[in-house]
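Coordinates in review
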Amino acid sequence: MSSGSAVRVRTADGAMPAYRSAPFAVVRGGIVVIQEAFGITRHIEEIVERLAEAGHMALAPALFHRVNSPVFEYDDIDSARQAMSSLTPEGLDMDISSVLALFRAEGLPPRRCAVIGFCMGGSVALAAAAARPLGAAVSFYGGGVLDGRFGLPPLVELAPTLQTPWLGLYGDLDKGIPVEQVEALRGAAAKSDVVTEVVRYPDADHGFHCDDRPAVFQPAAAADAWQRTLAWLDTHLVM
């Protein structure tokens, strides 16, 4: 059992809203859940709750907190892009580090922590895994493979420097992240000094894991990706 609630995390730029959930029993690990481009949506909150049900303390920081933490409808792409323009490498590092500091205060050192990101957050998760040695990292359809985003280098440049075991989950129908880019990322990640894996789903599009988006939700791919995510955490988080 678990329960989720809105919290605030202290950062050097002020209090950052977040959504947190934790198991009532033994905590297996601490998971930073990185939002989609649309903010801390109900889908992201449900991810946090599902991770808590699997035994992890999970927290999704509102990375748009410097522009008042908006949440957008899935068809409001223009507003989401405007909010994303507020992201910087320094701000992202500050926010993730603040969550990891909170986990450390709860008795969860980096090797018992992971970062999992979706869409925009998938890109941020890989960058975080390259910047610091954590227990595990998972990217759901993170773009910016050949062209860097948020002031970060392209993911193919970051992937060889991964310090954290990384799992990438992608759909072959994703026009924004074509198969050729996914395979380039697979090859780049394989050059790192950590275990990496890339899984492709032939019938899945961008956002295939989000059941709040019927047009792209792919139940079979979503279920398999979630099981792989939990298995990745079980394998790589050090108790």
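Positions within a chain are numbered from 1, following the residues in the order the chain's sequence is written. This being a predicted model, a pLDDT of at least 70 is required before a residue's local features are given, and a value of 80 or more before pairs of side-chain atoms are given or counted; all residues contribute to the totals for chains, interfaces and linings. Each side-chain value is worked out from all heavy atoms of the structure, with water and hydrogens disregarded.

1. Some points on the overall build of the chain
Along its length, the chain carries 7 helices and 8 strands. The quantity called the radius of gyration is restricted to C-alpha atoms. Its globule counterpart is 2.2 Å times the number of residues to the power 0.38. Computed over its C-alpha atoms, the radius of gyration of the chain comes to 16 Å, within 12% of the 18 Å expected for a compact globule of 239 residues. Per-residue burial over the chain gives 56% buried out of 239 residues. Once local pairs closer than 6 in sequence are excluded, the contacts in the chain between residues at least 24 apart make up 71%. With the model as given, the accessible surface of the chain reaches about 9,900 Å², and the carbon-plus-sulfur share is 52%. For this count, His and the chain ends are skipped, Lys and Arg are scored as positive, and Asp and Glu as negative. Taken as the charge centre is NZ of Lys, CZ of Arg, CG of Asp or CD of Glu, depending on the residue. Each charge class in the chain can be summarised by its mean position, and for the 19 positive and 28 negative side chains these summaries are 7 Å apart. Put simply, DSSP marks the helices as runs of H or I at least four residues long and the strands as runs of E at least two long, and each gets a number from the N terminus on. Remark: exposure states derive from per-residue accessible area (1.4 Å probe, protein chains only) relative to the maximum for the residue type, with buried under 20%, exposed over 50%, and partly exposed in between. The contact rule is simple, with two residues in contact once any of their heavy atoms fall within 4.5 Å. Per-residue accessibility takes into account occlusion by the displayed protein chains alone, with areas from the Shrake-Rupley method and a 1.4 Å probe.

2. Some words on helix H7 (residues 219–236)
One fewer than the residue count of a helix, multiplied by 1.5 Å, yields its expected span. Over its 18 residues, H7 runs 26 Å from end to end, which matches the ideal 26 Å to within 8%, given 1.5 Å per residue. If you check which residues of H7 are buried, you get Ala221, Ala222, Ala225, Trp226, Thr229, Leu230, Trp232, Leu233 and His236. Angular distribution of buried residues about the axis of H7 spans 165 degrees; they occupy a single face of the element. Facing away from the buried side of H7, by more than 90 degrees, are the exposed residues Ala220, Gln227 and Thr235. Picture the helix axis, draw a direction to every C-beta atom, and the arc is the one those directions span.

3. So, empty space enclosed by the protein
In this approach a probe as big as a water molecule rolls over the atoms, and the regions it shows empty are the leftover space. Here a cavity is any set of points on a 1 Å grid over the protein atoms alone where a 1.4 Å probe fits but cannot get out, and a pocket is any open set with protein on both sides within 12 Å along at least 5 of 7 lines; a residue lines the site when it has an atom within 4 Å of a point. Grid points are joined across faces, edges and corners, and a volume is the space filled by probe spheres set on the points. One pass over the full model with this rule turns up 1 cavity of 30 Å³ or more. There is about 30 Å³ of room inside the largest cavity. Note on residue classes: Ala, Val, Leu, Ile, Met, Phe, Trp, Tyr, Cys and Pro are nonpolar, Asp, Glu, Lys and Arg are charged, and everything else, Gly too, is polar. For the lining of the largest cavity, the per-class residue count stands at 4 nonpolar, 3 polar and 1 charged.

4. Observations concerning the packing of aromatic side chains
Ring geometry is summarised as follows: Phe, Tyr and Trp rings, the Trp one being its six-membered ring, pair when their centres sit within 6.5 Å, and such pairs are stacked at plane angles under 30 degrees, edge-to-face over 60 and tilted between the two. Enumeration over the complete set of coordinates arrives at 6 aromatic pairs. Where Tyr201 meets Phe208, the ring centres are 5.3 Å apart and the plane angle is 55 degrees; that geometry is what we call tilted. With respect to class, Tyr201 is no different from Phe208; both count as buried. Taken together through their ring pairs, the aromatic side chains of Phe118, Phe140, Tyr141, Tyr201 and Phe208 make up a single cluster. Lysine and arginine charges are scored as sitting over a ring when NZ or CZ, respectively, is within 6 Å of the ring centre and within 35 degrees of the ring normal. Taking the ring centre of Trp226 as reference, the NZ or CZ of Arg50 above it sits at 4.2 Å.

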